[in-house]
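Topology and contacts: notes
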Amino acid sequence: MRVRALETVLTEKGYVDPAALDAVIEAFETKVGPHIGARVVARAWSDPSFKRTLLDDATKAVLALGVINRIGDHLIAVENTPKLHNMIVCTLCSCYPWEVLGLPPVWYKSAPYRSRAVNDPRGVLADFGVTLPADTAIRVWDSTAETRFIVLPMRPEDIEGWSEEKLASLVTRDSMIGTGFAKQPGEVA
Amino acid sequence: MHGFGKVEPEQDEPVFHEDWEARTQALYRAMSYAGVWCIDAARFAREQLPPAVYLSSSYYKKWELGMEKQLAELGLAGPDELAAGHALRPGKPLKRKLSAPGAPNVITRGSFARPAQKPAKFKPGDRVRTKNIHPKTHTRLPRYARDKVGLVEALRGWFDGRELWGESAEPSLKVSIEAFEPYLEPA
């Protein structure tokens, strides 16, 4: 295998340590992921002042939450409402809010999504089985520099009194990219 | 560029599909930590792949090919060594080496922000036209947004869907990009 040869050569030359590579992979698989973003959204749904801070300065708000201790550059949260639907893409390659969502899924990095999200967002949403009302405006955020975006999905109805942990179970990864909605209370146990 | 077909979401997608993809990601992080390349140089290396190779290679294949190209150009590892599967020459000294305990720190994004060198030329509400540039080097200005009029919103701006795609565009569509100032002129 070509990558194995690459790793062997770089190891023999003293550039990399295979144990460090194992640790990097383990961290990607266990430490980061959409569960972090789901906690951010759950807090925003249950705490109006946190939501204001999040929409005002997501970098600050997310760091204050204390789940992660570092954000590369800027993070911006954009709010979905009945009148406005936000969607995130990186047409240039794969820029994605790792800190809160982990590594991007394959479809996010694929040519179909990268080329069509900016041009035919309703068609892309249809590929996800998502239909928006005709009068909902669409804003697509193309991550072309070092800022990353996260969508604050619409808060489901009938969730009064839910704990943040339970609220987080309604938040899907796709709802934070804008290619899906949050689950409804009836969809989780 | 269009005609790539439908987006295909995958249920319960794993973080990595194949072991070699995970090793590629980790090798990239470890060599970045060693100070070998920065994010834009790595992007440029991938974008320089021949178009047919770029379009037909999977995401991590492009990363791997980009790394091989950079390692050869920097004199850190040659194609002959990769073909042999072993180092044929001693390594060069690098800035630092990633250790296992330090690994969790390299999975967060680095900061690439640079302080502004002079006051911003444009302010929110300004109408701007993106330049019609086609550099041979890396650019962060997407092709679809070249020579288009948009509105500065904050650090970024947006275009009306019809400005980008003409009359067939979704009527309510707005597309936001972040364009570095040299990409812009007043409109």
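Just above, that's the structure.
Another point: the overall build of chain A. When its secondary structure is counted, chain A shows 10 helices and 4 strands. With respect to the principal axes defined by its C-alpha atoms, chain A has extents near 60 × 35 × 35 Å. Buried residues in chain A amount to 61% of all 189 residues. For chain A, the proportion of contacts with a sequence separation of at least 24, taken over those separated by at least 6, is 66%. Summing over all exposed atoms, chain A offers an accessible surface of approximately 7300 Å²; the carbon and sulfur share of this is 51%. Counting 21 positive and 24 negative side-chain charges, chain A places the averaged centre of each group 2 Å from the other.

Moving on: unusual backbone geometry. Residue and element names in this part refer to chain B. The backbone of Asp12 sits at a positive phi, close to 45 degrees, despite the residue not being glycine. Of note, Asp12 is situated in the segment before α1 (19–33). For Asp12, a relative accessible area of 73% gives the class exposed. The residue Asp147 is not glycine, and still its phi comes out positive at about 60 degrees. Relative to the assigned elements, Asp147 resides in the loop between β1 (127–130) and β2 (149–152). What makes Asp147 partly exposed here is its relative accessible area of 37%.

Between chain B and chain A, the residue contacts involve 79 residues of the former and 73 residues of the latter. At the junction of chain B and chain A, the tally comes to 8 salt bridges. Linking Glu170(B) and Arg122(A) is a salt bridge whose minimum nitrogen-to-oxygen distance equals 2.7 Å. In this structure, the connection of chain B to chain A is made through 30 residue pairs in polar contact (both at pLDDT 80 or more). The set of elements that each furnish at least two residues to the side of chain B that touches chain A consists of α1, α2 (39–47), α4 (59–73), α5 (79–84) and β4 (174–177) of chain B. Of all the elements, α1(B) adds the most residues to the side of chain B that touches chain A, at 10 residues. Among the residues making up the side of chain B that touches chain A, the classes are represented as 40 nonpolar, 16 polar and 23 charged. Direction of pairing for strand β3 (residues 137–142) of chain A relative to β4(B): parallel, over a ladder of 3 bridges.

The next subject is the packing of helix α4 (residues 48–56) of chain A against helix α5 (residues 58–65) of chain A. Residues and elements named next belong to chain A. Between α4 and α5, whose axes approach to 5 Å, the crossing angle comes to 135 degrees. Taken together, the axes of α4 and α5 lie oblique to each other. On α5, the residues that touch Phe50, Thr53, Leu54 and Asp56 of α4 are Ala58, Lys60, Ala61, Val62 and Leu65.

Looking now at the nonpolar core. Counting residues in each nonpolar core, the largest one holds 111 residues, and the members touching the most others are Leu10(A), Trp45(A), Leu54(A), Val100(A) and Tyr113(A). Structurally, this core is a two-domain feature, drawing no fewer than three residues from each of domain 1 (19–107) and domain 2 (127–186) of chain B. Beyond its immediate stretch of four places on either side in the chain, Leu54(A) contacts Val40(A), Ala44(A), Ala61(A), Val62(A), Ala77(A) and Leu152(A).

Turning to the packing of aromatic side chains, a few remarks are in order. Tallying each qualifying case throughout the model produces 16 aromatic pairs over all chains. Relative to Tyr108(A), the ring of Tyr96(A) lies with its centre 4.8 Å away and its plane at 65 degrees, an arrangement referred to as edge-to-face. Of this pair, Tyr96(A) sits in the loop between β2 (84–89) and α6 (98–101) while Tyr108(A) sits in the loop between α6 and α7 (111–116), and the two are 12 residues apart along the sequence. By relative accessible area, Tyr96(A) is classed as buried at 1%. The interplanar angle of 25 degrees and the centroid separation of 5.4 Å between the aromatic rings of Tyr144(B) and Trp165(B) together place this pair among those described as stacked. On the criterion of sequence distance, the pair formed by Tyr144(B) in the loop between β1 and β2 and Trp165(B) in helix α6 (residues 161–165) is long-range, its members being 21 residues apart. Members of the aromatic cluster, each reached through a chain of ring pairs, are Phe28(A), Trp98(A), Phe16(B), Tyr28(B), Trp37(B), Tyr59(B), Tyr60(B) and Trp63(B).

A full pass over the atoms with the stated rule returns 22 salt bridges over all chains. Within this structure, Arg2(A), Lys61(B), Glu64(B) and Glu68(B) form a network of salt bridges that share partners.

What counts, and where the lines are drawn
Residues numbered from 1 in each chain as written. Chains lettered and ligands numbered in written order. Predicted model: local features only at pLDDT ≥ 70, side-chain atom pairs only at ≥ 80, totals over all residues. Heavy atoms only, no water. Helix = DSSP H or I, 4+ residues; strand = E, 2+ residues; numbered from the N terminus. Buried < 20%, exposed > 50% of the residue type's maximum accessible area, 1.4 Å probe, protein only. Contact = heavy atoms within 4.5 Å. Areas by Shrake-Rupley, 256 points an atom, 1.4 Å probe, with all protein chains shown as cover. Lys, Arg positive; Asp, Glu negative; His and termini not counted. Charge placed at Lys NZ, Arg CZ, Asp CG, Glu CD. Salt bridge = Lys/Arg side-chain N within 4 Å of Asp/Glu carboxyl O. Polar contact = N/O pair within 3.5 Å; in protein donor to acceptor, adjacent residues only side chain to side chain. Nonpolar A, V, L, I, M, F, W, Y, C, P; charged D, E, K, R; others polar. Pairing = 2+ DSSP bridges. Axes fitted to C-alpha atoms, helices over the stretch in contact; angles between N-to-C directions. Parallel < 35°, antiparallel > 145°, perpendicular 65-115°, else oblique. Core = buried A, V, L, I, M, F, W, Y, C linked by side-chain atoms within 4.5 Å. Domains from an automatic or database assignment. Phe/Tyr/Trp six-rings, centres within 6.5 Å; stacked < 30°, edge-to-face > 60°.

On their own, these measurements won't tell you what the molecule is for.
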